[in-house]
Amino acid sequence: MPGLRRDRLLTLLLLGALFSADLYFHLWPQVQRQLRPRGRPPGCPCSGRASSAASAASSNPGTVAHNFSQAGPGAEQDRGGRSSPRSKLQALFAHPLYNVLEEPPLLGPEDSLLASQEALRYYRRKVARWNRRHKIYREQLNLTSLEPPLQLRTEASWVQFHLGINRHGLYSRSSPFVSKLLHDMRHFPTISADYSQDEKALLGACDCTQIVKPSGVHLKLVLRFSDFGKAMFKPMRQQRDEETPADFFYFIDFQRHNAEIAAFHLDRILDFRRVPPTVGRLVNVTKEILEVTKNEILQSVFFVSPASNVCFFAKCPYMCKTEYAVCGNPHLLEGSLSAFLPSLNLAPRLSVPNPWIRSYTLAGKEEWELNPLYCDTVRQIYPYNSSNRLLNIIDMAIFDFLIGNMDRHHYEMFTKFGEDGFLIHLDNARGFGRHSHDEISILSPLSQCCMIKKKTLLHLQLLAQADYRLSDVMRESLLEDQLAPILTEPHLLALDRRLQIILKTVGDCIEAHGQQRVIADVPAQQSARDSGQANLTS
C-alpha cells in the first residue's frame, strides 16, 4: 500500500513539472505579447521603414527604372539621413551620356513611324473585325457570353508604344510607356493564342520566302491580351544553368526564353533601344493557351504527360514529336513575352540578309570567314557605301558578341526611315548559350572594317568602369523581372570579359589605322563630346 502511494506521488510530481514547463514556455510568452504595447517590435528600429517601402513598391509597379528620366543620381538616403547602397543602374541612366539630346532632333510627322490618326483608325477596324469573328465563333459553338465587345483604348500601353517609335529607336529614353507595357504583358489575361507566322508558313498558310523554317524544338506562340495588345511567347526549353553543348551547331541550338529577356535589358543599357520590350511570365498553358485558342491544330497538340503535366508541341512537317514538347508544372510554364511591332500594313519593314551571314550547312564556309579583307568588298556595295548602314551592322555585331548570338542571318528595318534607319534587333533567343566560350568570329564586322560609332564606344567604355560595371547594372536591371534570376552569375561575368575583348579590338584598330579613321564622329555625338568620362585612346 505505501508503495502504491509513492507511485501516485511520483506521477503527480511529473504532471506538475510538465504543467509548469508548459506554462513557462508556452502560456507566459503569449501573455507577454498581449501586454506589450502595440507598435514597432523591440530590436527592429527599421521594420517600419522596410514595410512601408515594400508596400509602396508593390502598390506602384511603374517605379522600376525603365523610365530613364526618373533615374536619380548617386547614392540614395533613408529618412535618418544615412547613405544606402547606391544603385549603379540609376547612376548609369543619370549619366550625361544618357541625357544628351538626340540629333538630329525630331522635327515632325516624318520622324515618327506612324501617323497617329491613321494608326488609330486601323486598330479600330481590327478590333471591330475581332468582335465580329469572335461572335461568329461563339455562335457556331452555341456558347453564350455576357462579356461586352472589346473596345480600343487609345491610352493602352501597346498603342502608345507603337505611336512612340521614331527614327532614333523603338522607344525614347524618357518614355513612361515601356514600364507600363512590361507590367501589362506580365499581368493582363489572354483572350487568344495562335501559332506564329513561321509555323503557319510551314503548313502552307502563308508565304515563307523571307522566313527561316523552324524545327519542332523552336516553338513560339502569339498571345493576345485583354487590351488587344499582342506578344510573342517563347516557352522555357533549357534550364538557366545548362550550357549549350560544344558540338551543337548554332542553327540547331535551343531558343532560350531568358535570353530574350536579358537581350532587352542589355539593349536598353547600351542605349540602342532596338529590341522590343520583353518580359518574363508564368503562363497557365491550360487556361491561357488551350482554352482561348481557336486554332484546331494547336488544340490537337495538347496532351497530359505520364507525370500529369499539361504539354504541347509544334505542329510542323518534321521533328515534331512529343519528346520535343514543352510542359507545365502541371499547368504553369515559364516563358518570355516580346511586344509586337506595328503591323506591316502600317509600317512596312525590309528584311535584308546580313553581309556576315553564316553558312547553314554542316561543312560550308562563307567568304567573310575565309577573306580577312572581306569588308573592302562590302564597302563598295550599296547601301553600305553611302550610309550609316555599315556602322549599324557593327553595332549589331557588338550586341550579338556580348550575348553570344551566332544566328543573325537577317536584319530588319523600317522602310520609312530610309537607308540610315536603325536595325531592329529581333529574335535573340539563341544568345546566352555558352558563358565559357567567347565566339570571336561574331566580331568580324568590327575587326575587319575597323569602324565604330563614337556614341557606341563611349557607352562601352563607361560600362567598363567600376562605378557602372556592365555585369552589375545588368544584374540589377534583371532583378526587376518576375522570373529573376534571369541569368546565372557566369553569364553576367562573361559580359565583362567580352566587353574588354571589344575594347581591345577597337584599340588594335586605332593602333593600326589611327583614331580619326576608326571612330565615326557622327553628329549625334557632338553635344556629348565633353560629357563622357571615357578616354577614347585608352
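Residues numbered from 1 in each chain as written. Predicted model: local features only at pLDDT ≥ 70, side-chain atom pairs only at ≥ 80, totals over all residues. Heavy atoms only, no water.

Operational definition: UniProt positions are given in the numbering used here, feature names are shortened, and annotations may be inferred rather than shown by experiment.
The name given to the chain in an unreviewed UniProt entry is Pseudokinase FAM20A, and the organism recorded there is Marmota monax. Database annotation for the chain, UniProt heading Subcellular location (unreviewed entry): "Golgi apparatus".

## Topic: helix α4 (residues 116-140)
Note the cut-off: Here a helix means four or more residues in a row that DSSP labels H or I, a strand means two or more in a row labelled E, and each is numbered from the N terminus. By this rule, a helix spans an expected 1.5 Å times one less than how many residues it contains. Using a 1.4 Å probe on the protein chains alone, a residue whose accessible area is under 20% of its type maximum counts as buried, one over 50% counts as exposed, and one in between counts as partly exposed.
Across its 25 residues, α4 extends 36 Å between first and last C-alpha, which sits within 8% of the 36 Å expected from 1.5 Å per residue. Along α4, the residues that are buried comprise Ala119, Leu120, Tyr122, Tyr123, Val127, Trp130 and Asn131. Positive phi appears at Asn142, one or two residues downstream of α4, with a value of about 55°.

## Details of the UniProt feature "binding site: ATP" (unreviewed entry) in the chain
Applicable threshold: Contacts were defined at the residue level, with two residues in contact if any of their heavy atoms lie within 4.5 Å.
Under the UniProt annotation, the feature "binding site: ATP" (unreviewed entry) is placed at Lys234, Ser338, Ala339, Phe340, Leu341, Glu412 and Asp427. Turning to its location among the elements, Ser338 is positioned in strand β8 (residues 332-339). Not counting residues up to four positions away in its chain, the partners in contact with Ser338 are Met185, Lys230, Ala231, Met232, Glu260, Pro277 and Thr278. Following the sequence through the fold, Phe340 ends up in the loop between β8 and β9 (349-353). When residues no more than four places from it in sequence are discounted, the contact partners of Phe340 are Phe161, His162, Val222, Lys230, Ala231 and Met232.

## Examining the pattern of salt bridges
To be explicit about the condition: Salt bridges are counted wherever a side-chain nitrogen of Lys or Arg sits within 4 Å of a carboxyl oxygen of Asp or Glu.
Using the criterion set out here, one finds 24 salt bridges in the structure. Arg167 is paired through a salt bridge with Asp111; the nearest N and O atoms lie 2.6 Å apart. Here the residue Arg167 occupies a position in the loop between α5 (157-163) and α6 (177-187), and Asp111 occupies one in the loop between α3 (88-94) and α4, the gap between them amounting to 56 residues. In this structure Asp111 comes out as buried when scored by relative accessible area, which is 6%. For Arg281, the salt bridge is made with Glu288, and the minimal N-O distance between the two is 2.3 Å. Accessibility classification places Arg281 together with Glu288 in one group, the buried group. One network of salt bridges, with partners in common, ties together Lys88, Arg469, Asp472, Arg475 and Glu489.

## Examining the side chain of His409
Rules: Two N or O atoms form a polar contact when they lie within 3.5 Å of each other; inside protein one atom must be a possible hydrogen donor and the other a possible acceptor, and for residues adjacent in sequence the pair counts only when both atoms belong to side chains.
Structurally, His409 can be placed in the loop between α13 (389-403) and β10 (410-414). Overall, the relative accessible area of 16% leaves His409 in the buried class. Polar contacts involving the side chain of His409 include one to the side chain of His410, which spans 3.0 Å.

## Some thoughts on the UniProt feature "binding site: Mn(2+)" (unreviewed entry) in the chain
Under the UniProt annotation, "binding site: Mn(2+)" (unreviewed entry) lies at Asp427. Within the secondary structure, Asp427 sits in the loop between β10 and α14 (444-449). For Asp427, a relative accessible area of 38% puts it in the partly exposed group. Sequence-distant contacts of Asp427, defined by excluding residues within four places in its chain, comprise Lys234, Gln255, Glu260, Asn405 and Arg408.

## Structural notes on the sheet that holds strand β5 (residues 302-304)
In plain terms, the rule: Any two strands are treated as partners once DSSP identifies two or more bridges connecting them.
Ordered by their spatial adjacency, 3 strands build an open sheet running β5-β6-β7, and the pairing between neighbours is antiparallel. Every interior strand has two partners, whereas the edge strands, β5 and β7 (326-327), have only one. Alignment of strand β6 (residues 310-312) against β7, held across 2 bridges, turns out to be antiparallel. Bridged to Cys311 within β7 is Cys327.

## Quick look at the sheet that holds strand β3 (residues 230-235)
We apply this condition: Here an axis means a line fitted to C-alpha atoms, over the contact stretch when the element is a helix, while the angle between two N-to-C directions is reported on a 0 to 180 degree scale.
Strand order in the open sheet formed by 5 strands is β1-β2-β3-β8-β4, and the pairing between neighbours is antiparallel. This sheet does not close on itself; its edge strands, each paired only once, are β1 (190-195) and β4 (278-284). Averaged over all pairs of adjacent strands, the angle between their axes in this sheet comes to 35°, without regard to strand direction. Summarising the sheet, strand β2 (residues 221-225) and β3 pair through 4 bridges and their orientation is antiparallel. When the bridges of β3 are listed, Leu221 appears paired with Phe233. Against the sheet, helix α8 (residues 257-269) contacts β3, β4 and β8, and its axis sits at roughly 35° relative to β8.

## Here we look at a nonpolar patch on the surface
Rule in force here: A patch consists of residues exposed above 30% relative accessible area that lack any salt bridge, with like charges linked at up to 9 Å and nonpolar side chains (Val, Leu, Ile, Met, Phe, Trp, Tyr) linked at up to 5 Å. The Shrake-Rupley method, run with a 1.4 Å probe sphere, supplies the accessible areas, and residue values consider only the shown protein chains as cover.
Where nonpolar side chains cluster on the molecular surface, the patch consists of Leu9, Leu10 and Leu13 and spans about 310 Å² of accessible area. Looking at where Leu9 falls in the secondary structure, it is placed in helix α1 (residues 2-35). Looking at Leu9, the relative accessible area reads 48%, which means it is partly exposed.

## As for the packing of aromatic side chains
Rules: Each pair of aromatic rings taken from Phe, Tyr and Trp, with Trp reduced to its six-membered ring, is defined by centres within 6.5 Å and is described as stacked if the planes are under 30 degrees apart, edge-to-face if over 60, and tilted in the remaining cases. Charges are assigned to positions over rings by a cutoff of 6 Å between ring centre and Lys NZ or Arg CZ, combined with an angular limit of 35 degrees from the ring normal.
With the rule as written, the count across this model stands at 12 aromatic pairs. Ring geometry for Phe417 against Phe422: centres 6.3 Å apart, planes inclined by 35°, an arrangement best described as tilted. Site record: aromatic cluster; members linked through ring pairs are Tyr122, Tyr123, Trp130, Trp158 and Phe228. The ring of Tyr137 has Lys294 lying over it, and the distance from NZ or CZ to the ring centre is 5.2 Å.

## Observations concerning the packing of α13 against helix α17 (residues 489-513)
Put simply, the rule is: Here a crossing is called left-handed whenever its near helix is offset anticlockwise from the far helix by less than a right angle, and right-handed whenever the offset is clockwise.
At a minimum axis distance of 9 Å, the contact between α13 and α17 shows a crossing angle of 145°. Taken as a pair, α13 and α17 cross one another with a handedness that is right-handed. Note on element contacts: α17 touches α13 through Leu495, Arg498, Leu499, Ile501 and Ile502, opposite Ile398, Phe401, Leu402 and Ile403.

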